[in-house]
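# Structural overview for review
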Amino acid sequence: MQPEQLMALRRADIKTAVILIFVAALMIVESLNFPLTDSYAGVQNAWYVSPALFPILIGSLLLLCGAILLLKAVVFVKSNAEVATAKETKASWWRFALLVSLIAGQIFGWVPLVDFALAAFIFLFLFIFAFHSDNAVFQGRIFKIWTATSILLILISLFAELSEETRFYVDILVLVYMAVMVWLARSWAQKSDQLNVWKISWKTALVVTIVICPLFRLGMLVPLPTEGIVIERMVDMKYVVRDYWRSL
Amino acid sequence: MDILASFSVFGSTLLTLLSSPTNLIILLGASFAGIIFGALPGLTATLGVALLTTLTYGMDVNTALIALLGLYVGAIYGGSYPSILINIPGTAAAAATALDGYPLACKGEGGRALGLTTTASLIGTLLGILVLVIASPTVARMALEFTSFEFFLLALFGILISGTITSSDLVVKGWIAGLIGLAVSTIGRDPLQFFPRFTFDMPDLDQGLEVVPVLIGAFGIPQVIKALRNKESLGAMQQFGRILPEWRTLFKNRNNIARSSMIGIGIGSVPGIGEDIAGWVSYGTTKNTSKHPETFGTGEPEGIIASETANNASIGGALIPLLTLGIPGSPPAAMLLGALMLHGITPGPMVVVETPDFLIEVTAILVLCSFAMWINGMFLAKQVVKVLRIPAAIFLPVVTLMCILGSYALGLNIFNLYMMMLVGIVAYFLNEMKYPISPLVIGVILGPMADENLRRALMVSEGSFMPFIERPVSIFLLSVIILIMMTKLPKYPKYKAALVKLLGLNRLFKAKGE
């Protein structure tokens, strides 16, 4: 490891140690509220069978280890004050932000509300397109659009009670959104001569969605998080095919 | 159970499994998938086992074990492909293989290197299985004598040693990772009085955190973020010809194979550390004992054999504490523990009493998995290499979607996804700051065991800690724990020298070159 990187690590260690000490202290304080020697559910406690014993022990050890880490890091930073600190590039942080936004948006916004097949396709398409193109401009645009849409979906999940009919219209809107995104990505790709990346992105997203959804829903009988316009039709189709097969 | 009866169970299990075409397809498919998981840098055996666990939910126990162990064995071996062909280890376990594998491939002998790797992995796995089947009943019988005092210390020992050995930076970071895992394990109702701890009135936290989403979050999400954020890409691939087993070279290396297997099994059986460390230790030992150490690093077959035999032998080693004590020997074994519990099997000393045939069945399945790995390795290597050409930016989004589905499918609970995401982000930052993730995971798994046994032990002794220093196994474990911690003290070398002088052991240590 380069001296600058080690310095950055030790500086980060100081911050982590402080957070650890704080969390460990909170853990101990919270544990002290658990029944220590008083009775719980009709059982008189002794300190050695108390539910607080183990968390207090772990909290104390974490506190101790956090303090050791803090001490070691502070001593290192002070004794190597002349060494510069390595920094992550801005582009790297942007990629990190996009990755977190894509995954968190999918988990908190799309999966609980939108038909899983649609959510999976749009997630895969934008994810692959953003990183396979390796184009910072595309990544920036996708970050803004995806984050805004995900926040909107989270707000709808939190504050609106959606009926079956409304969910159907949400899925239709998502279908339109998908078409717009695919078309938009195509125009961006065309301008920067990356049409091939666009093709690979939508084809992979489509193939994976077509394979994974029936595999889980029909093959392993695992209900998908949200079943709407696509998954419900797929299940209906399964029964139509089955009935037809039986009639033969 | 006598030896004949054991052989009979072994034979009948093999026949039953082989007579089912479904099992055979699953065996070969899981092994192939494992090789791909091992071969693709960024994916690990642990993540593979975690994701496959979801798919085995509807299977019977034996079929599920075929799939999971097939993938585990395949993934440990599969890491050698990119090590040899691109000089990038697919898994940490295969890192030492790259030192001699890649130079050999550069000389145009990639096929030879892969052939040696494949057969050495097969031999290593089989030797590991042999020790597993011999040692497990004895260890399990010994473990039946253990009381809560020993089980608490055993859990502590596992977390501590894992933290100590796997930390690439300060040792205290390994311990912190283990303690974070233990702290996370306290969330939910406590195992003795069902008092809700750190649930913050959230019903979803009442049962504690599900292990599988936590593991998927800890191993899957950080890999995806790390690889795509740092734009990790594969280098130019070396070409290779026909893959041959090279029996003559392997026979010449019989001592090397025996030694490497023992190293692998020994390291694998230590809780929490596994294949990656076994590969390095074995490579180092072989180099140190070689008559021509200067040739290591230039394409020396001995080095490849040492590393690959050891990392695959440690699979058998890792399963010894898992099956007999319920303590995982390596991170993939930790995931396997979660999968077994999902299928209604609680590994531990009682397994030999409750299901006496289980160990033999696992052995039979492992033997099949080893041969499936060898067959796939010998005949499908070219197909694996094709998969290696898929860019990370294409396969990692698919892996992310599988992580999401895998975490959801086990409990059909969206809350699991939230936990996976949270754990994933925290694990990513911990990883970036050089905290090892294995002790964290071992801590989450062994936490309830440590908590329950500590309180049971103190209940028996009415709050006295004296039995910890009165029972022989407790004294042994306590001594090892204290010794491990002492060796990490800054003044340890000084104290050691003083003690050696005091005991008059200077000559002995000088003779050993210490």
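It should be emphasised that the depicted structure is a prediction, and the values quoted were computed from it without experimental measurement.

## Quick word on the overall build of chain B
Helix and strand counts for chain B come out as 23 helices and two strands. Taking 24 Å as the expected radius of gyration for a compact globule of 514 residues, we find that chain B reaches 23 Å, a close match to that expectation. Principal-axis analysis of the C-alpha atoms gives chain B an extent of 70 × 65 × 55 Å. Classification of the 514 residues of chain B by burial places 61% in the buried group. A separation threshold of at least 6 residues defines the contact pool for chain B, and within that pool the share at least 24 residues apart is 79%. Of the accessible surface of chain B, which amounts to about 19800 Å², a share of 66% is contributed by carbon and sulfur atoms. Each charge sign in chain B was given a centre, from 31 positive and 29 negative side chains, and these centres are 14 Å apart.

## Some remarks on the environment of L114 of chain B
Within the secondary structure layout, L114 of chain B lies in helix 6 (residues 95-143). Placed 306 residues apart in sequence, L114 of chain B and M420 of chain B show a C-alpha to C-alpha distance of 36 Å.

## Considering the interface of chain A and chain B
Tallying the contact residues gives 65 residues for chain A and 63 residues for chain B. Summing the contributions of chain A and of chain B, the shared interface buries around 5700 Å²; its carbon and sulfur component is 82%. At the junction of chain A and chain B, the tally comes to two salt bridges. Between R10 of chain A and D169 of chain B there is a salt bridge, and its shortest N-O distance comes to 2.9 Å.

## Comments concerning the packing of helix 14 (residues 331-342) of chain B against helix 20 (residues 438-460) of chain B
Residue and element names in this part refer to chain B. Put simply, helix 14 and helix 20 touch, their axes get as near as 10 Å, and they point 25° apart. In terms of orientation, helix 14 lies roughly parallel with respect to helix 20. Where helix 14 crosses over helix 20, the handedness of that crossing is left-handed. Contacts from P331, A334 and L337 of helix 14 reach helix 20 at S438, V441, I442 and I445. Of the residues that constitute the contact of helix 14 with helix 20, the class distribution is six nonpolar, one polar and no charged.

## A closer look at the packing of aromatic side chains
Tallying each qualifying case throughout the model produces 28 aromatic pairs over all chains. Summarising the aromatic geometry, the rings of W93 of chain A and F96 of chain A are spaced 5.5 Å apart at their centres and angled 90° between planes, so their arrangement reads as edge-to-face. Residue W93 of chain A and its partner F96 of chain A are located together in helix 3 (residues 90-110), separated by three residues, close to a single helical turn. Taken together, a centroid distance of 5.6 Å and an interplanar angle of 75° make the contact between F168 of chain A and Y169 of chain A edge-to-face. A relative accessible area of 47% means that Y169 of chain A is categorised as partly exposed. An aromatic cluster of three or more residues is present, and its members are W47 and Y48 of chain A together with F149, F152, F465 and F468 of chain B. Stacked on the ring of Y435 of chain B, the Lys or Arg K173 of chain B has its end atom at 5.2 Å from the ring centre. In this structure, R254 of chain B packs its charged tip against the face of F251 of chain B, placed 4.5 Å from the ring centre.

## With respect to the nonpolar core
Among the nonpolar cores identified, the biggest contains 226 residues, and L69 and Y81 of chain B are the most heavily contacted of them. Broken down by element, the residue count for this core peaks at 15 residues, all from helix 4 (residues 116-133) of chain A. Three or more residues apiece are contributed to this core by two domains, here domain 1 (3-79) and domain 2 (90-247) of chain A. Residues in contact with Y81 of chain B, not counting those within four places in the same chain, are I35, A39, I86, L114, G377, A381, V384, V385 and L388 of chain B.

## Digging into a nonpolar patch on the surface
A contiguous nonpolar patch, built from F168, Y169, I172, L175, V176 and V180 of chain A and spanning about 490 Å² of accessible area, is present on the exposed surface. Within the secondary structure, F168 of chain A is located in helix 6 (residues 164-191).

## Quick word on the packing of helix 5 (residues 136-159) of chain A against helix 6 of chain A
Residues and elements named next belong to chain A. The geometry of helix 5 relative to helix 6 is characterised by a closest axis approach of 12 Å and an angle of 170° between their N-to-C directions. As the angle between them shows, helix 5 and helix 6 are arranged roughly antiparallel. From helix 5, F138, R141, I142, I145, W146 and T149 reach across to helix 6, where they touch Y177, M181, W188 and A189. For the contact of helix 5 with helix 6, the per-class residue count stands at eight nonpolar, one polar and one charged.

## Comments concerning helix 6 of chain A
Owing to its 3.6 residues per turn, the α-helix aligns residues three or four sequence positions apart on the same side. Residues and elements named next belong to chain A. End to end, helix 6 covers 41 Å across 28 residues, agreeing with the expected 40 Å (1.5 Å per residue, within 8%). Among the residues of helix 6, V170, D171, V174, Y177, M178, M181, V182, A185, S187, W188 and A189 are the ones counted as buried. Each element contacted by the buried residues of helix 6 is listed here: helix 3, helix 4, helix 5 and helix 7 (195-219). Once helix 6 finishes, D193 follows within two positions and takes phi at roughly 60°, a positive value.

## Examining the pattern of salt bridges
Evaluation of the coordinates by the stated rule reveals 14 salt bridges over all chains. Its salt-bridge partner being R217 of chain A, residue E227 of chain A comes within 2.6 Å of it at the nearest N-O pair. Residue E227 of chain A is located in the loop between helix 7 and helix 8 (231-247), and its partner R217 of chain A is located in helix 7; the two are separated by 10 residues in the primary sequence. Residue classification places R217 of chain A among the buried residues on the basis of a relative accessible area of 18%. A salt bridge links R456 of chain B to E452 of chain B; the shortest N-O distance between them is 2.8 Å.

## Regarding the environment of L144 of chain B
All names here are of chain B. Here L144 lies in the loop between helix 6 and helix 7 (148-166). Exposure remark for L144: the relative accessible area of 37% places this residue in the partly exposed category. Placed 112 residues apart in sequence, L144 and F32 show a C-alpha to C-alpha distance of 38 Å. Each residue touching L144, except ones within four places of it in the same chain, is listed here: P349, M350 and V353.

## Examining the domain arrangement of chain A
Here the domain parsing of chain A yields domain 1 (3-79) and domain 2 (90-247). Each of domain 1 of chain A and domain 2 of chain A has a C-alpha centre, and these two points are 41 Å apart.

## Quick word on the side chain of S461 of chain B
Residues and elements named next belong to chain B. With respect to the element layout, S461 can be found in the loop between helix 20 and helix 21 (472-487). The buried category is assigned to S461, whose relative accessible area is 16%. Beyond its immediate sequence surroundings of up to four residues, S461 is in contact with F149 and P467.

## What about helix 21 of chain B?
Residue and element names in this part refer to chain B. Compared with the 22 Å implied by 1.5 Å per residue over 16 residues, the 22 Å span of helix 21 between its first and last C-alpha is a close match. When we look at burial in helix 21, the residues that qualify are S474, L477, I481 and I484. Viewed end-on, helix 21 has its buried residues packed into an arc of 100°, placing them on one side of the element. Across from the buried face of helix 21, at angles greater than 90 degrees, the exposed residues are P472, F476 and L483. Lining the buried residues of helix 21 we find helix 7.

Here is what the cut-offs are and how they apply
- Residues numbered from 1 in each chain as written.
- Chains lettered and ligands numbered in written order.
- Predicted model: local features only at pLDDT ≥ 70, side-chain atom pairs only at ≥ 80, totals over all residues.
- Heavy atoms only, no water.
- Helix = DSSP H or I, 4+ residues; strand = E, 2+ residues; numbered from the N terminus.
- Rg over C-alpha atoms; globule rule 2.2 N^0.38 Å.
- Buried < 20%, exposed > 50% of the residue type's maximum accessible area, 1.4 Å probe, protein only.
- Contact = heavy atoms within 4.5 Å.
- Areas by Shrake-Rupley, 256 points an atom, 1.4 Å probe, with all protein chains shown as cover.
- Lys, Arg positive; Asp, Glu negative; His and termini not counted.
- Charge placed at Lys NZ, Arg CZ, Asp CG, Glu CD.
- Buried area = accessible area lost by both parts, 1.4 Å probe.
- Salt bridge = Lys/Arg side-chain N within 4 Å of Asp/Glu carboxyl O.
- Axes fitted to C-alpha atoms, helices over the stretch in contact; angles between N-to-C directions.
- Parallel < 35°, antiparallel > 145°, perpendicular 65-115°, else oblique.
- Left-handed = near helix turned anticlockwise from the far one by under 90°.
- Nonpolar A, V, L, I, M, F, W, Y, C, P; charged D, E, K, R; others polar.
- Phe/Tyr/Trp six-rings, centres within 6.5 Å; stacked < 30°, edge-to-face > 60°.
- Lys NZ or Arg CZ within 6 Å of the ring centre and 35° of its normal.
- Core = buried A, V, L, I, M, F, W, Y, C linked by side-chain atoms within 4.5 Å.
- Domains from an automatic or database assignment.
- Patch = residues over 30% accessible without salt bridge, like charges linked within 9 Å, V, L, I, M, F, W, Y side chains within 5 Å.
- Expected span 1.5 Å × (residues − 1).
- Arc of directions from axis to C-beta.

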